[in-house]
Amino acid sequence: MTHQYPSLSPEQKKELSTIAQRIVAPGKGILAADESVGTMGKRLQKINVENNEENRRFFRNLLFSVDSSIANSIGGVIFFHETLYQKSDKGVPFPKLVKEKGIVVGIKVDKGTAGLNGTDGETTTQGLDGLAERCAQYKKDGCDFAKWRSVLKISDGCPSALAVAENANVLARYASICQQNGLVPIVEPEILPDGDHDLKRCQYVTEKVLAAVYKALSDHHVYLEGTLLKPNMVTAGHSCPKKFTSEEVAMATVTALRRTVPAAVPGICFLSGGQSEEEASLNLNAINQMPLHRPWKLTFSYGRALQASALSAWKGKQENKQAAQNAFCTRAKINGLASKGEYKPTGESNQAATQSLFTASYVY
Amino acid sequence: MPHQYPTLSIEQKKELQDIAHRIVSPGKGILAADESVGSMAKRLAQIGVENTEENRRQYRQVLFSADSRINSCIGGVIFFHETLYQHADDGTPFVQMIKDKGILVGIKVDKGVVPLAGTNGETTTQGLDGLSERCAQYKKDGADFAKWRCVLKISTTTPSQLALTENANVLARYASICQQHGIVPIVEPEILPDGDHDLKRSQYVTEKVLTAMYKALSDHHVYLEGTLLKPNMVTPGHGCSTKYSAVEIAMATVTALRRTVPPAVAGITFLSGGQSEEEASINLNAINNCPLPKPWALTFSYGRALQASALSTWRGQKENASAATEEFVKRAEVNGLAAQGKYSGSGNSGGAASRSLYVANHAY
């Protein structure tokens, strides 16, 4: 322990921290377009579109070929492996199309969850085998960041100590390998919103999970300034009978992060989980209006919350392309504003009304 | 793990948070006047004064009779047990003298270091037995915060994993117990400056030690907003042949803290270790001028670095008392400025000159 062995050179560190800061530059967040084939199947089924390679290509093309001004709100796009090697209608490789807009290209590198024996249905995530070689190749093919999703759940006996430790460890191994190959690792320890637990319980579990993640990152000598965090917001479980406001969600979320995420981490990009597009934007906005000191960027890494309207506008029809693109650009702009706490939803009574719900002395 | 059991009520949390913030309010720091009888022996021997209870009382009186100028630069005074129950010549209890200045009273509660068998001369710290009852009594007797010092050292084989985890654990137990009694725990994991290691090594070890500590605090359910950290600055070992500037020390220190100390921690109050009075002020000033974002107060908790001149002026003579008090006040004011980054040094070109030594691309 006492001796430091070389992990990254000053140049490597500088490259990583520069990439990370570019992704979360003010007003920008991430488009998570890395749905696996199986997951895309679920999305396409909802709009009655066949899940084939061409349809997946068409939809991603729809997103990536919008006007370059999208780069004002999108700092990075996460790709799925298949998509990284697909091309636009005009034959331009997708990574090139995205990079030309000044957006950083990322790649999902995990290989899905695997069961942890002896637990109550808990999982770890696989994908470490040959990861170094894969990262080196992805870097050559245009990627500058990666993403790996671990999953935890809240129930009476979950998450267990094993699930917390195992997922934290596997995230740290992944992060360490990425950095060796010039890729900024986005670390995603998602705690699912399934369940009837309340906000307080979610906050408690989130704090424990994140403390374990950052201990593991330290143990694995990961360079924090060259990482990003993709956590869940702190919310009540889906079937919790009590409803909580955006301000309460924001307060619980920022409090949990302040207690666990070192200031060296440049940015925190929330996943949207099961939230609707508007909910995800309102919550992000409330988070960025919290009067607590927030030393990292707080922005988005949204999949469904950026694409839901675009998908339902498209419905698989060529002629709906423009409408779908407009829907996507609208959500991107809104979330860009929300990442600065400047989103003013139309039709809602003034911000002051919602701000007054905030109780200044609320102690979590 | 998944269930939170009650630790502190909302009122208890609020009280702890308020105390912590008052101690480190802008421009204020801590006078560490908690030297044990044994430590005072060393200090008094240096000025040829006998180590008696009366002399210790006289000396603390010199410090505590400082005028209202210290009210704006001292937020808290750490007492040793004996001193907590002593009075000034006119019968005013020391505790009351301090409180009347609007300064908070703290108490050292550890009972010194003990060896860890099977290690290379490493130690843990004792004092947990009956700590709960002692804290309750100290709170009644006027204390609002406490201090516990753990010690680690750097050598080719240390700190060992055991020393790291054992000291982190014992600090977390202490912190947990204090908070139950309305006492803000100052957590002090001191890494000694003895040795010939360079700045980089000190930074590395400091990061590992602090990470272990915050993991332990999380595991023990300690309320971070109601704690303070008292770490060493990151400096090279005393026997290191390379000399470093205040700016380099500041950069290494702030980088280490940004990677390990959650933003929720109210303040960081550095120990002065073996530094001279001026060195400790210059370094603290450089730390507060470091261009990296610093989400916590960065101030002092100095013993020798506040008292050295006062001690050598006093020399045990009553007629030197007010001159000695004046020396203390001067150092307190200087450090109050340093805690805001406003100290321009004792006559040297100061602030601007040291800032220009900062190398923008230096990656730590």
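Each residue is numbered by its place in its chain's sequence as written, counting from 1. Chains carry letters from A onward and ligands carry numbers from 1 onward, assigned in written order. Owing to the predicted nature of the model, reporting of local features is limited to residues with pLDDT of at least 70; listing and counting of side-chain atom pairs is limited to 80 or more, with chain, interface and lining totals taken over all residues. Working from all heavy atoms in the structure, the side-chain values ignore hydrogens and water.

## Re the overall build of chain A
So, point 1. For chain A, the count of helices and strands is 13 helices and 10 strands.
So, point 2. Both definitions apply: the radius of gyration is a C-alpha atom measure, and the globule rule equals 2.2 Å times residues to the power 0.38. Taken over the C-alpha trace, chain A has a radius of gyration of 20 Å; the compact-globule value for 364 residues is 21 Å, and the two agree within 12%.
So, point 3. Each residue is assigned to one of three classes by its accessible area relative to the maximum for its type, calculated with a 1.4 Å probe on protein chains only: buried under 20%, partly exposed between the two thresholds, exposed over 50%. Looking at chain A as a whole, 60% of its 364 residues qualify as buried.
So, point 4. What makes two residues a contact is simply this: any of their non-hydrogen atoms within 4.5 Å. Taking all contacts inside chain A whose residues are at least 6 apart in sequence as the whole, residues at least 24 apart take part in 80%.
So, point 5. When the accessible area of chain A is evaluated, it comes to approximately 14300 Å², of which 50% is carbon and sulfur surface.
So, point 6. Just so you know, the count uses Lys and Arg for positive and Asp and Glu for negative, and it drops His and the chain ends. By convention, charge coordinates are those of NZ in Lys, CZ in Arg, CG in Asp, or CD in Glu. Computing the positive centroid from 43 side-chain charges and the negative centroid from 36, chain A places the two 4 Å apart. Think of it this way: any DSSP run of H or I at least four residues long counts as a helix, any run of E at least two long counts as a strand, and we number them from the N terminus. Method for areas: the Shrake-Rupley scheme with a 1.4 Å probe, in which residue coverage is limited to the protein chains shown.

## Some words on the nonpolar core
A general trend in soluble globular proteins is that nonpolar side chains are found buried together.
So, point 1. Only buried Ala, Val, Leu, Ile, Met, Phe, Trp, Tyr and Cys residues count toward a nonpolar core, and they belong to the same one when joined by side-chain atoms within 4.5 Å. If you look at the biggest cluster of nonpolar residues, it comprises 96 residues, and the most contacted ones within it are Phe-64, Tyr-174 and Trp-314 of chain A.
So, point 2. In terms of residue count, the dominant contributor to this core is helix 8 (residues 199–219) of chain A (11 residues).
So, point 3. Leaving out residues up to four positions away in the same chain, Tyr-174 of chain A has contacts with Val-109, Leu-128, Leu-131, Ala-146, Lys-147, Trp-148, Pro-185, Ile-186 and Val-187 of chain A.
So, point 4. In this structure, Val-49, Ala-246, Leu-257 and Tyr-343 of chain B belong to the second largest nonpolar core, which totals 94 residues.

## As for the pairing of strand 2 (residues 74–79) of chain B
All names here are of chain B.
So, point 1. Burial analysis of strand 2 places six of its six residues in the buried class, which makes it a mostly covered element.
So, point 2. Sheet topology note: the strand 1 (residues 29–33)/strand 2 ladder contains five bridges and is parallel. Its bridge partner lying in strand 2, Ile-30 is registered against Gly-76.
So, point 3. Criterion used throughout: strands pair if DSSP finds at least two bridges between them. Looking at chain direction, strand 2 and strand 3 (residues 104–108) are connected through four bridges and run parallel. When the bridges of strand 3 are listed, Phe-79 appears paired with Ile-107.

## Observations regarding the sheet that holds strand 6 (residues 145–152) of chain B
All names here are of chain B.
So, point 1. Sheet architecture is closed into a barrel: eight strands sit in the order 1-2-3-6-7-8-9-10, paired in parallel fashion.
So, point 2. As paired strands, strand 3 and strand 6 are joined by three bridges and run parallel to one another. Looking at strand 6, one finds that Ile-107 is bridged to Ala-146.
So, point 3. The axes are straight lines fitted to the C-alpha atoms, using for helices just the contacting stretch, and the angles between their N-to-C directions are given from 0 to 180°. Sheet strands in contact with helix 10 (residues 277–288) are strand 9 (267–270) and strand 10 (297–302), and its direction is about 170° off that of strand 10.

## Focus on the confidence of the model for chain A
So, point 1. Model confidence for chain A is summarised by a mean pLDDT of 94, while 95% of its residues fall at 70 or above.
So, point 2. Low confidence marks residues 349–362 of chain A, where pLDDT is under 50. Its contacts with residues over four positions away, or in another chain, come to 15 contacts. Known as pLDDT, the predictor's confidence for each residue is given on a scale from 0 to 100.

## Points about the side chain of Gln-86 of chain B
So, point 1. Mapped onto the elements, Gln-86 of chain B comes out in the loop between helix 4 (81–84) and helix 5 (94–100).
So, point 2. Setting aside residues no more than four positions away along its own chain, Gln-86 of chain B makes contact with Glu-53, Arg-57, Pro-93 and Phe-94 of chain B.

## A word on the packing of helix 6 (residues 131–140) of chain A against helix 7 (residues 161–180) of chain A
Residue and element names in this part refer to chain A.
So, point 1. Interaxial distance between helix 6 and helix 7 falls to 9 Å at its minimum, and their mutual angle equals 45°. Compared by their axis directions, helix 6 and helix 7 come out oblique. Note on packing geometry: the crossing formed by helix 6 with helix 7 is right-handed. Of the residues in helix 7, those touching helix 6 at Leu-131, Ala-132 and Cys-135 are Tyr-174, Ile-177 and Cys-178.
So, point 2. Here the nonpolar group is Ala, Val, Leu, Ile, Met, Phe, Trp, Tyr, Cys and Pro; Asp, Glu, Lys and Arg are the charged ones; every other residue, Gly included, is treated as polar. Its residues placed into classes, the contact of helix 6 with helix 7 shows six nonpolar, no polar and no charged. An angle counts as roughly parallel when it lies under 35 degrees, as roughly antiparallel when it exceeds 145, as roughly perpendicular when it falls between 65 and 115, and as oblique in every other case. Note on convention: the crossing is left-handed when the near helix lies turned anticlockwise from the far helix by less than a right angle, right-handed when the turn is clockwise.

## What about the pattern of salt bridges?
Residue and element names in this part refer to chain A.
So, point 1. Criterion for a salt bridge: a side-chain nitrogen of Lys or Arg within 4 Å of a carboxyl oxygen of Asp or Glu. Per the counting criterion, the structure on display carries 38 salt bridges over all chains.
So, point 2. Among the ionic pairs, Lys-108 bridges to Asp-34, the shortest N-O distance being 3.5 Å. Of this pair, Lys-108 sits in strand 3 (residues 104–108) while Asp-34 sits in the loop between strand 1 (29–33) and helix 2 (37–46), and the two are 74 residues apart along the sequence. Each member of the pair Lys-108 and Asp-34 is classed as buried.

## A short note on helix 6 of chain A
Residue and element names in this part refer to chain A.
So, point 1. Among all positions of helix 6, only Leu-131, Cys-135 and Tyr-138 are buried. Here the buried residues of helix 6 occupy an arc of 65° about the axis, which is enough to place them on one side. Of the exposed residues in helix 6, the ones pointing more than 90 degrees away from its buried face are Glu-133 and Lys-140.
So, point 2. On the buried face of helix 6, the contacting elements are helix 4 (81–84), strand 3, strand 6 (145–152) and helix 7.
So, point 3. The positive-phi residue at the C-terminal boundary of helix 6 is Gly-142, with phi of around 110°. For this quantity, the arc is that covered by the directions from the helix axis to the C-beta atoms.

## Let's talk about the packing of helix 8 (residues 199–219) of chain B against helix 9 (residues 246–258) of chain B
All names here are of chain B.
So, point 1. Packing of helix 8 against helix 9 brings their axes to within 9 Å, and their N-to-C directions diverge by 25°. Looking at the two axes, helix 8 sits roughly parallel to helix 9. The two elements helix 8 and helix 9 meet at a crossing, and its hand is right-handed. Contacts between helix 8 and helix 9 involve Leu-199, Gln-203, Thr-206, Glu-207 and Leu-210 from the first element and Glu-248, Ile-249, Ala-252, Thr-255, Ala-256 and Leu-257 from the second.
So, point 2. Class assignment for the residues of the contact of helix 8 with helix 9 results in six nonpolar, three polar and two charged.

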